[in-house]
Amino acid sequence: MSVEIYHNPRCSKSRATLALLEENNVTPDIRLYLENPPTAEELTQVVAQLGITPRQLLRKGEAEYKDNNLADDSLSDARIIELMVEFPRLIERPIVITAGQARIGRPPESVLEIL
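One structure accompanies this document, and this report is about it. (Residues numbered from 1 in each chain as written. Predicted model: local features only at pLDDT ≥ 70, side-chain atom pairs only at ≥ 80, totals over all residues. Heavy atoms only, no water.)

1. Topic: the nonpolar core
Judged by nonpolar contacts, the single largest core of 20 residues is most densely connected at Leu57, Leu58, Leu70, Met84, Leu90, Ile91 and Ile95. Contributing elements (two or more residues each) for this core: α2 (40-50), α4 (77-86), β3 (95-98) and β4 (101-104). Apart from residues lying up to four places away in sequence, methionine 84 is in contact with Leu43, Pro54, Leu57, Leu58, Leu90 and Ile91. Counting residues in each nonpolar core, the second largest holds 9 residues, with Val3, Leu20, Leu21 and Val96 among its members. (Core = buried A, V, L, I, M, F, W, Y, C linked by side-chain atoms within 4.5 Å. Buried < 20%, exposed > 50% of the residue type's maximum accessible area, 1.4 Å probe, protein only. Helix = DSSP H or I, 4+ residues; strand = E, 2+ residues; numbered from the N terminus. Contact = heavy atoms within 4.5 Å.)

2. Section: the sheet that holds strand β1 (residues 3-6)
Two modes of strand pairing occur in sheets, parallel and antiparallel, and in both the strands are linked by backbone hydrogen bonds. Spatially, β2-β1-β3-β4 is the arrangement adopted by the 4 strands of the open sheet, whose pairing is mixed. A single partner strand is all that each edge strand has here, and the edge strands are β2 (29-31) and β4. With direction set aside, neighbouring strand axes in the sheet form an average angle of 20°. Of the pairings in the sheet, the one linking β3 to β4 comprises 4 bridges and is antiparallel in character. Bridge pairing links isoleucine 97 to alanine 102 in β4. (Pairing = 2+ DSSP bridges. Axes fitted to C-alpha atoms, helices over the stretch in contact; angles between N-to-C directions.)

3. Quick notes on the pairing of β4
Only one face of β4 is buried, namely the one carrying Ala102 and Ile104, since none of Gln101 and Arg103 on the opposite face is buried. Hairpin remark: β3 followed by β4, antiparallel, with 2 residues in the connecting loop; positive phi at alanine 99, about 50°.

4. Some points on the pattern of salt bridges
This model, assessed by the stated rule, comprises 9 salt bridges. Between arginine 59 and glutamate 62 there is a salt bridge whose closest N-O contact spans 3.1 Å. Taking the shortest distance from any N to any O, the salt bridge between glutamate 64 and arginine 89 comes out at 3.0 Å. In this pair, glutamate 64 sits in helix α3 (residues 63-67) while arginine 89 sits in the loop between α4 and β3, placing the two residues 25 residues apart along the sequence. Bridged by salt links that share partners, the residues Arg59, Glu62, Glu64, Arg89, Glu92 and Arg106 form one connected network. (Salt bridge = Lys/Arg side-chain N within 4 Å of Asp/Glu carboxyl O.)

5. Comments concerning the side chain of arginine 59
By the secondary structure assignment, arginine 59 is in the loop between α2 and α3. Judged by relative accessible area, arginine 59 falls into the buried class, the value being 17%. One polar contact links arginine 59 to glutamate 62, side chain to side chain, over a distance of 3.1 Å. Arginine 59 has contacts with Tyr65, Arg89, Leu90, Ile91, Glu92, Arg93 and Arg106, leaving out every residue within four places of it along the chain. (Polar contact = N/O pair within 3.5 Å; in protein donor to acceptor, adjacent residues only side chain to side chain.)

Here you go:
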């Protein structure tokens, strides 16, 4: 089973989720998404696998959220995806992806649902 995690080593939830995967004998492919951001196509697929809207994947506390006026409800999903690709800090983390499904590791235990 192939498992990927969108990981930020500086984030405690991301570290806890990675540790939880390893405790469950899962060795995921680690994508340091801040250094290697997903493409718009990849992110669109992840949003679909999560079963949420792109807006629900946004980190609203980031400066880039305010700087790009992301509170504007008229922004299209495609534009929100574009901005997350351009500014990957906007992407909620961590995200675990496997077998056509994805979960956000908040709380970390939620990723166990798809393993």
